[in-house]
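Structural characterization, general
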Amino acid sequence: DKAPLSKSLLLVPSAISILLTLLFQHYQKFFAYNLQAVKEDFQVWRLVCGRTICLDLKDTFCSSLLIYNFRIFERRYGSRKFSSFLLGAWMLSALFDLLLVEITQYIFGITINSLPSGFLGPVFALFVPFYSSIPRVQVTQVLGHFSITNKSLVYILGLQLLTSGSYIWILALSGLISGICYSSSILKVHRILCVPRWVAKVFSWTLEPVFSSAEPTNEVRVGMGATVDIQRQQRMELLDRQIMMSQVAQMRRQRQQQGGMINWNRLFPPLRHRHNANYQDHHPSEQGIPPPTEVSEEQVARLMEMGFSRGDALEALRASNNDLNVATNFLLQH
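Residues numbered from 1 in each chain as written. Predicted model: local features only at pLDDT ≥ 70, side-chain atom pairs only at ≥ 80, totals over all residues. Heavy atoms only, no water.

A word on the UniProt feature "transmembrane region" (unreviewed entry) in the chain
Per the UniProt record, the feature "transmembrane region" (unreviewed entry) sits at residues 6-24, 82-100 and 106-130. Summarising residues 106-130: 52% helix, 8% strand, and an end-to-end C-alpha distance of 33 Å. (UniProt positions renumbered as here; feature names shortened; annotations may be inferred. Helix = DSSP H or I, 4+ residues; strand = E, 2+ residues; numbered from the N terminus.)

Digging into the layout of surface pockets
One number sums up the size of the largest pocket: a volume of about 820 Å³. If you go around the largest pocket, you meet 23 residues; those closest to its centre are Leu 5, Ser 8, Ser 83, Phe 203 and Leu 207. Mapped by element, the contributors of at least two residues to the lining of the largest pocket are helix 1 (4-22), helix 6 (79-108), helix 12 (197-206) and helix 13 (208-211). For the lining of the largest pocket, a count of residues per class yields 16 nonpolar, five polar and two charged. (1 Å grid on protein atoms, 1.4 Å probe; cavity = no way out; pocket = protein on both sides within 12 Å on 5 of 7 lines; lining within 4 Å. Points joined across faces, edges and corners; volume = space filled by probe spheres on them. Nonpolar A, V, L, I, M, F, W, Y, C, P; charged D, E, K, R; others polar.)

A short note on the confidence of the model for the chain
For the chain, the mean per-residue pLDDT works out to 77, and 74% of the residues sit at or above 70. The least confident element of the chain is helix 15 (residues 264-267), whose mean pLDDT is 47; the most confident is helix 7 (residues 120-125), at 94. For residues 261-290, every residue scores under 50 in pLDDT, and the model assigns this stretch 48 contacts once sequence neighbours within four places are set aside. (pLDDT = per-residue confidence, 0-100. Contact = heavy atoms within 4.5 Å.)

Points about the packing of helix 6 against helix 10 (residues 168-183)
Two elements in contact, helix 6 and helix 10, have axes whose closest approach is 7 Å; the angle formed by their N-to-C orientations is 130 degrees. Comparing the axis directions of helix 6 and helix 10 gives the class oblique. The handedness of the crossing between helix 6 and helix 10 comes out as right-handed. Contacts between helix 6 and helix 10 involve Ser 84, Phe 85, Gly 88, Ala 89, Leu 92, Ser 93, Phe 96, Asp 97, Leu 100, Val 101 and Thr 104 from the former and Trp 169, Ile 170, Leu 171, Leu 173, Ser 174, Gly 175, Ile 177, Ser 178, Gly 179, Cys 181, Tyr 182 and Ser 183 from the latter. Taken together, the residues of the contact of helix 6 with helix 10 break down into 13 nonpolar, nine polar and one charged. (Axes fitted to C-alpha atoms, helices over the stretch in contact; angles between N-to-C directions. Parallel < 35°, antiparallel > 145°, perpendicular 65-115°, else oblique. Left-handed = near helix turned anticlockwise from the far one by under 90°.)

Points about a nonpolar patch on the surface
The grouping of Ile 18, Leu 19, Leu 22, Leu 23, Phe 24, Tyr 27, Phe 30, Trp 45 and Leu 57 at the surface amounts to a nonpolar patch, some 860 Å² of accessible area in total. Here the nonpolar patch takes three residues from helix 1, the largest share from any one element. With respect to the helices and strands, Phe 30 occurs in the loop between helix 1 and strand 1 (33-34). (Patch = residues over 30% accessible without salt bridge, like charges linked within 9 Å, V, L, I, M, F, W, Y side chains within 5 Å. Areas by Shrake-Rupley, 256 points an atom, 1.4 Å probe, with all protein chains shown as cover. Salt bridge = Lys/Arg side-chain N within 4 Å of Asp/Glu carboxyl O.)

Digging into the side chain of Glu 74
If you trace the backbone, Glu 74 turns up in helix 5 (residues 71-77). Arg 75 provides the closest opposite charge to the buried, unpaired Glu 74, separated from it by 7.5 Å. Separated by 2.9 Å, the side chain of Glu 74 and the backbone nitrogen of Leu 5 make a polar contact. Here Glu 74 is in contact with Lys 2, Ala 3, Pro 4, Leu 5, Ser 6, Ser 79 and Phe 82, once residues within four sequence places are set aside. (Buried < 20%, exposed > 50% of the residue type's maximum accessible area, 1.4 Å probe, protein only. Lys, Arg positive; Asp, Glu negative; His and termini not counted. Polar contact = N/O pair within 3.5 Å; in protein donor to acceptor, adjacent residues only side chain to side chain.)

Some details on the packing of aromatic side chains
For the structure shown, the criterion picks out 11 aromatic pairs. With 6.1 Å between their ring centres and 40 degrees between their planes, Phe 70 and Phe 73 make a pair best called tilted. Across the pair, Phe 73 and Phe 70 agree in class, each one buried. Ring geometry for Phe 130 against Tyr 155: centres 5.6 Å apart, planes inclined by 75 degrees, an arrangement best described as edge-to-face. Here Phe 130, found in helix 8 (residues 127-133), pairs with Tyr 155, found in helix 9 (residues 152-162); they are 25 residues apart in sequence, far enough to count as distant. A relative accessible area of 6% places Phe 130 in the buried class. For Tyr 155, a relative accessible area of 33% puts it in the partly exposed group. Of the aromatic side chains, those joined through ring pairs into one cluster are Phe 70, Phe 73, Tyr 77, Phe 124, Phe 127, Phe 130 and Tyr 155. The cationic tip of Lys 81 hangs over the ring face of Tyr 77; the distance from NZ or CZ to the ring centre is 4.9 Å. Over the aromatic face of Phe 130 sits the side chain of Lys 151, whose NZ or CZ is 5.1 Å from the ring centroid. (Phe/Tyr/Trp six-rings, centres within 6.5 Å; stacked < 30°, edge-to-face > 60°. Lys NZ or Arg CZ within 6 Å of the ring centre and 35° of its normal.)

Pasting the structure below:
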């Protein structure tokens, strides 16, 4: 959802790569990233075909997973800005590929005639904003020393892609350099190498309806956070609040049938540990009972101004640890 360009980059090159590997192997030569043919035979079209479609299914799988994880940037920046970054990184990495090959031959005497094909330069370039703008949240630790974070899996996929070929490190280095140049606005490349507004509108009218996805209807609408972890945390908090409210509604129905105050102790045992006469079989000592939560009279008055009784206002504020918003939600919705 909200990432049609990422979806197209995930589906179209992967489908073409699978077809070339399984059915049309005799056409693979047209998608080889042959630098010798570019320099000697001036086959410039190989810079386009050879740097778009992967001929190795392992590279296809890893790059597709990375594009899926990097879709967060399209949601954050918008499709036009995201496509401009990919275009700039794709063109800059082509230049750096040629420079790094010449430097390797000059320093180490190694002649490199071809490089792994595929949309790998922009994929490695996306690691630059991923490292700098996505917060690092620790998930767990391994052996008590090695931290596992929300970004560890993406780095592992990048390492797997880096070790899948002999000269793929050249593509990785050129991609990282191009990502740094574009993100840091060196020589204003982000203004030169960008998708024009009219081109973005044309693709928005033609291709976006094909690759766009409808918003999931089986999930509750919440405000979108900056990262997937924040969104997940928001959904969990909303789910907890809905469960608590459903419990309050059930107890209100019981109160209407039986009369009396709501038994808040049954709803919030972690928050309130007061002595309750309803539990005749359990009589803790007075020393083990913590003092009741102090309630602000100002907040009680505000709830009473809304039409609630003083008793319900006191019980709601005490049960919610004096949180006026939570208490108001409980009393208003139930």
